[in-house]
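# A look at the structure
Here is how the chains run, residue by residue.
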Amino acid sequence: HRVAGVVSDNAAYIMNNECPGNKVCIALQGRVPCRVVGKIKKGDLLVTSNILGVAVSVGGNAKPGTIVGKALEDFESDHIGTIEVAVGRT
């Protein structure tokens, strides 16, 4: 339930860029790459997994506030991979 978005290394816009300190860009909306594991079908809702920084599918049922995004492509592997995800429009 402590999900804010997906960490991005290619942000189109960076808010508060003038502020000092370490910068970690978080995608709050849009199509972004996301690290995933397991069986995922296009359109599945993604939530955080027990692996830090990796999402998994919950199909179509997820509690509000836990959703990372919606899968825009299929994936199936026990190894971590990357797929495109829609963030902020789930």
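Below or above, wherever it landed, is the structure these notes cover. (Residues numbered from 1 in each chain as written. Predicted model: local features only at pLDDT ≥ 70, side-chain atom pairs only at ≥ 80, totals over all residues. Heavy atoms only, no water.)

## Remarks on the overall build of the protein chain
Helix and strand counts for the protein chain come out as zero helices and seven strands. Taking 12 Å as the expected radius of gyration for a compact globule of 90 residues, we find that the protein chain reaches 13 Å, a close match to that expectation. In terms of overall dimensions, the protein chain has a C-alpha envelope of 40 × 25 × 20 Å along the principal axes. Burial statistics for the protein chain: of 90 residues in total, 28% are counted as buried. Pairs at least 24 apart in sequence give 49% of the contacts found in the protein chain among residues at least 6 apart. For the protein chain, the exposed area adds up to about 6,500 Å²; of that, 49% sits on carbon and sulfur atoms. On the protein chain, the mean spot of the 10 positive side-chain charges and the mean spot of the 8 negative ones are 7 Å from each other. (Helix = DSSP H or I, 4+ residues; strand = E, 2+ residues; numbered from the N terminus. Rg over C-alpha atoms; globule rule 2.2 N^0.38 Å. Buried < 20%, exposed > 50% of the residue type's maximum accessible area, 1.4 Å probe, protein only. Contact = heavy atoms within 4.5 Å. Areas by Shrake-Rupley, 256 points an atom, 1.4 Å probe, with all protein chains shown as cover. Lys, Arg positive; Asp, Glu negative; His and termini not counted. Charge placed at Lys NZ, Arg CZ, Asp CG, Glu CD.)

## Re the nonpolar core
Counting 14 residues, the largest nonpolar core has Val6, Cys34, Val36, Ile40, Leu46, Ile83 and Val85 as its most contacted members. For this core, the secondary-structure elements that each account for two or more residues are strand E3 (30-40), strand E6 (67-71) and strand E7 (75-87). Contact partners of Leu46, with chain neighbours within four places excluded, come to Val36, Ile40, Ala55, Val56, Ser57, Thr66, Ile67, Val68, Gly69, Ala71, Ile83 and Val85. (Core = buried A, V, L, I, M, F, W, Y, C linked by side-chain atoms within 4.5 Å.)

## Details of the pairing of strand E4 (residues 45-48)
Bridge count between E4 and E6: three bridges; the pairing is antiparallel. Directly across from Leu45, in E6, lies its bridge partner Lys70. Between E4 and strand E5 (residues 55-57), which pair antiparallel and follow one another directly, the connecting turn spans six residues, one of which, Gly53, has a positive phi of 85 degrees. (Pairing = 2+ DSSP bridges.)

## Quick word on a negative patch on the surface
Taken together, the side chains of Glu73, Asp74, Glu76 and Asp78 make up a negatively charged region of the molecular surface. By secondary structure assignment, the location of Glu73 is in the loop between E6 and E7. With relative accessibility at 34%, the residue Glu73 sits in the partly exposed group. (Patch = residues over 30% accessible without salt bridge, like charges linked within 9 Å, V, L, I, M, F, W, Y side chains within 5 Å. Salt bridge = Lys/Arg side-chain N within 4 Å of Asp/Glu carboxyl O.)

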